[in-house]
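Chain by chain, the residues run as shown.
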Amino acid sequence: MRDMVFKNLTSQDKKKRVLWASEVINEDGILTKIHKYLIYIVKEVPKETAHKTERPEVFVIKHRDTKEKTEKFHIKIKGSVYCMTEDRCFFVSFSHTLKIDLCEAPHEACS
């Protein structure tokens, strides 16, 4: 069995967008929950303020609990970039998150 949910949320001023996908898979006695979040914030800035941005930050967490028979893997990437067209410059901040949780199917303690 597989359940999927997708959301595409945009702020009224169209400067912030959140893309979200969630999937729950129940196969072979293993319940797998996958959550993906992509967040973008866009601001128009003067071209003169554009400069080299820092490298994106990457955070990784892996946790395994053999007693509870659960496993979690979470990764998050945060950063920013300048995007230029012929006459406009935009500063884009982003955050990407992926969470994967595994547990026994009849045991609903997975979150």
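In the block above lies the structure referred to throughout.
Residues numbered from 1 in each chain as written. Predicted model: local features only at pLDDT ≥ 70, side-chain atom pairs only at ≥ 80, totals over all residues. Heavy atoms only, no water.

Help me understand the overall build of the protein in this model?
When helices and strands are tallied, the protein shows zero helices and six strands. Its helices and strands in sequence order give the protein the pattern β-β-β-β-β-β, from N to C terminus. Each of the three principal axes of the protein carries a C-alpha extent, and together these read 55 × 30 × 15 Å. Counting all 111 residues of the protein, 22% fall into the buried class. (Helix = DSSP H or I, 4+ residues; strand = E, 2+ residues; numbered from the N terminus. Buried < 20%, exposed > 50% of the residue type's maximum accessible area, 1.4 Å probe, protein only.)

Explain the pairing of strand β6 (residues 89–104) here, please?
When strand β3 (residues 30–45) meets β6, the two strands line up antiparallel, connected through 16 bridges. Bridge pairing in β6 places Lys-33 opposite Asp-101. By the bridge criterion, 14 bridges tie strand β5 (residues 70–84) to β6 in an arrangement that is antiparallel. Within β6, the residue paired with Tyr-82 across the bridge is Phe-91. (Pairing = 2+ DSSP bridges.)

Explain the pairing of strand β4 (residues 57–65) here, please?
Sheet faces and side chains relate simply in a regular strand, where the side chains alternate between the two faces. Of the pairings in the sheet, the one linking β4 to β5 comprises nine bridges and is antiparallel in character. Of the residues in β5, the one forming a bridge with Asp-65 is Thr-70. In this structure, the hairpin formed by β4 and β5 is closed by a connection of four residues, where Lys-69 is found at a positive phi of approximately 55°.

Could you clarify how one ought to interpret the pattern of salt bridges in this entry?
Any two side chains of opposite charge can pair if their charged atoms end up close together. Counted under the stated rule, the structure contains three salt bridges. Note that Lys-62 is salt-bridged to Glu-71, the shortest N-O span being 3.9 Å. On the basis of relative accessible area, Glu-71 is assigned to the partly exposed category, the value being 21%. The network of salt bridges with shared partners includes Lys-62, Arg-64 and Glu-71. (Salt bridge = Lys/Arg side-chain N within 4 Å of Asp/Glu carboxyl O.)

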